[in-house]
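A look at the structure
If you want the building blocks of each chain, they are given just below.
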Amino acid sequence: MSKKVTIRDIAREAGVSIATVSYVLNNREDQSISEATRQKILQVVNLHQYRINFTAKCISSGKTNIITLFIDDNKFALSKAETMLLTERLQRYVCNKGYSLQLAFGKEASSYSNSDAIICHNLNSAFFRELGELNFCPLIALDMIIPDNELFFQVYTDYGKIKSIADKIYGENNYKTVSPVLNCEQLKQKLLSTFNDVIIADNFDFANQITNCNAVVLGEMLGKYSKRFAKDVLIIDTINHEKLEKLWQCLEIALSREEVADHDIKV
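Residues numbered from 1 in each chain as written. Predicted model: local features only at pLDDT ≥ 70, side-chain atom pairs only at ≥ 80, totals over all residues. Heavy atoms only, no water.

Description of the overall build of the protein
When helices and strands are tallied, the protein shows 11 helices and 10 strands. Summarising its shape, the C-alpha atoms of the protein cover approximately 70 × 40 × 35 Å along the three principal directions. Sorting the 267 residues of the protein into buried and exposed places 46% on the buried side. Put simply, 56% of the contacts in the protein that link residues at least 6 apart link residues at least 24 apart. Counting only carbon and sulfur atoms, one obtains 49% of the accessible surface of the protein, whose full area is about 14,600 Å². (Helix = DSSP H or I, 4+ residues; strand = E, 2+ residues; numbered from the N terminus. Buried < 20%, exposed > 50% of the residue type's maximum accessible area, 1.4 Å probe, protein only. Contact = heavy atoms within 4.5 Å. Areas by Shrake-Rupley, 256 points an atom, 1.4 Å probe, with all protein chains shown as cover.)

Now the structure itself:
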């Protein structure tokens, strides 16, 4: 039987310290390690098919380094495309922070005991609270507003800021606002109370309503499609880097169990 490879063996063959190997394997960003050293360690790790003892790591650190993204299963193709874009960008972002992203969706709330935190995207507030009752890790509401919220961070698009920009470009009543389906009724009402002429795009027929009109479109994929029909389109990227930064800041605060007064984050 071949001898089991240890982290000490990896360090010796790569010509570095055990600590350096540990930093690389755990994606530590607070350590200055050259890219050449990092690649050399990963090559040795791959050569010997070394794997971290996940269970032992979780026990010792109290963390799994897994974040669950719970998404709504929307049937409209452009909404699915936007959700895919969110998933791709968020996966890249959390990976750079040393975390893995786990996807979840469905109509029944479940427990995700392997997660350090759960990000809920575009769910209704009642379902969000059901998840909260079943999970004892931090929950973050993304593109949602939770009524009477004193516990959970909620990160959503700043409609007021968008309206100010659109009004300067087109004039106050000279454009239509196109939004994907919002499953959170509170966020939907905020959208409707902010803009004068709102179209909820739940199928491709929405294009008939913006033909030869100015359109402010919430979502990159929805916006690109709208360009085929509208007179002019202002695309609002609702999954931009600033929003991901704010989301991550909320996650860090929640994971550290730090108390803060403001849980309402508009981007």
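What to know about the side chain of S179
With respect to the helices and strands, S179 occurs in strand β6 (residues 176–180). If sequence neighbours within four positions are ignored, S179 has contacts with L191, I199, I200, A201, L218 and L222.

Considering the packing of helix α2 (residues 18–25) against helix α3 (residues 35–47)
Between two packed helices, what matters for the description is the angle formed by their axes and the separation of those axes. Where α2 meets α3, the axes come as close as 10 Å, and the angle between the chain directions of the two elements is 85 degrees. Our classification of the angle between α2 and α3 gives roughly perpendicular. Along the contact surface, α2 presents T20, V21, V24 and L25, while α3 presents T37, R38, I41, L42 and V45. Residue composition of the contact of α2 with α3, grouped by class: six nonpolar, two polar and one charged. (Axes fitted to C-alpha atoms, helices over the stretch in contact; angles between N-to-C directions. Parallel < 35°, antiparallel > 145°, perpendicular 65-115°, else oblique. Nonpolar A, V, L, I, M, F, W, Y, C, P; charged D, E, K, R; others polar.)

Comments concerning the pairing of strand β5 (residues 153–156)
Neither face of β5 is left uncovered, since the one carrying F153 and V155 and the one carrying Q154 and Y156 both have all their residues buried. As paired elements, β5 and strand β10 (residues 264–266) share three bridges and run parallel to each other. In the sheet register, Q154 faces β10, and the bridge partner there is D264. (Pairing = 2+ DSSP bridges.)

Brief notes about the pattern of salt bridges
For the coordinates displayed, the defined rule picks out 10 salt bridges. D143 is the salt-bridge partner of K243, the closest N and O atoms lying 2.5 Å from each other. Taken as a pair, K243 in helix α11 (residues 241–255) and D143 in the loop between β4 (139–142) and β5 lie far apart in primary sequence, 100 residues in all. Of the two residues, K243 and D143, neither departs from the other in class, the shared state being buried. One connected set of salt bridges, linked through shared partners, spans R89, E220, K224 and D237. (Salt bridge = Lys/Arg side-chain N within 4 Å of Asp/Glu carboxyl O.)

Quick word on helix α6 (residues 125–134)
Listed as buried for α6 are S125, F127, F128 and L131. Around the axis of α6, the buried residues are gathered within 160 degrees of arc, so they sit on the same side. Residues of α6 that are buried make contact with β1 (66–71), β3 (117–121), β4 and α8 (185–194). (Arc of directions from axis to C-beta.)

Remarks on the packing of helix α1 (residues 7–14) against α2
At a minimum axis separation of 8 Å, α1 and α2 run at an interaxial angle of 105 degrees. If you check the angle between α1 and α2, you find them roughly perpendicular. Residues I7, R8, I10 and A11 of α1 pack against I18, V21 and S22 of α2. Its residues assigned to classes, the contact of α1 with α2 shows five nonpolar, one polar and one charged.

Quick word on the sheet that holds strand β9 (residues 232–236)
Taking strand neighbours across the sheet as the criterion, the four strands line up as β7-β6-β8-β9 in an open arrangement whose pairing is parallel. Edge positions in the sheet fall to β7 (198–201) and β9, since each has one partner strand and no second. Averaged over all pairs of adjacent strands, the angle between their axes in this sheet comes to 25 degrees, without regard to strand direction. With three bridges joining them, β6 and strand β8 (residues 214–218) adopt parallel strand pairing. Residue pairing in the sheet places K176 in a bridge with A215 of β8. Along the sheet, α8 contacts β6, β7 and β8; its crossing angle with β7, the most-contacted strand, is approximately 145 degrees.

Some words on the sheet that holds β1
Taken in spatial order, the six strands line up as β2-β1-β3-β4-β5-β10 in an open sheet, and their pairing is parallel. Of all the strands in the sheet, the pair left with one neighbour each is β2 (100–105) and β10. Neighbour to neighbour, the strand axes of the sheet diverge by 20 degrees on average, direction disregarded. Pairing of β3 with β4, which is carried by four bridges, proceeds in the parallel orientation. For I118, the partnering residue across the bridge sits in β4 and is L139. Of the strands in this sheet, β1, β2, β3 and β4 touch helix α5 (residues 77–96), which is tilted by about 150 degrees from β2.

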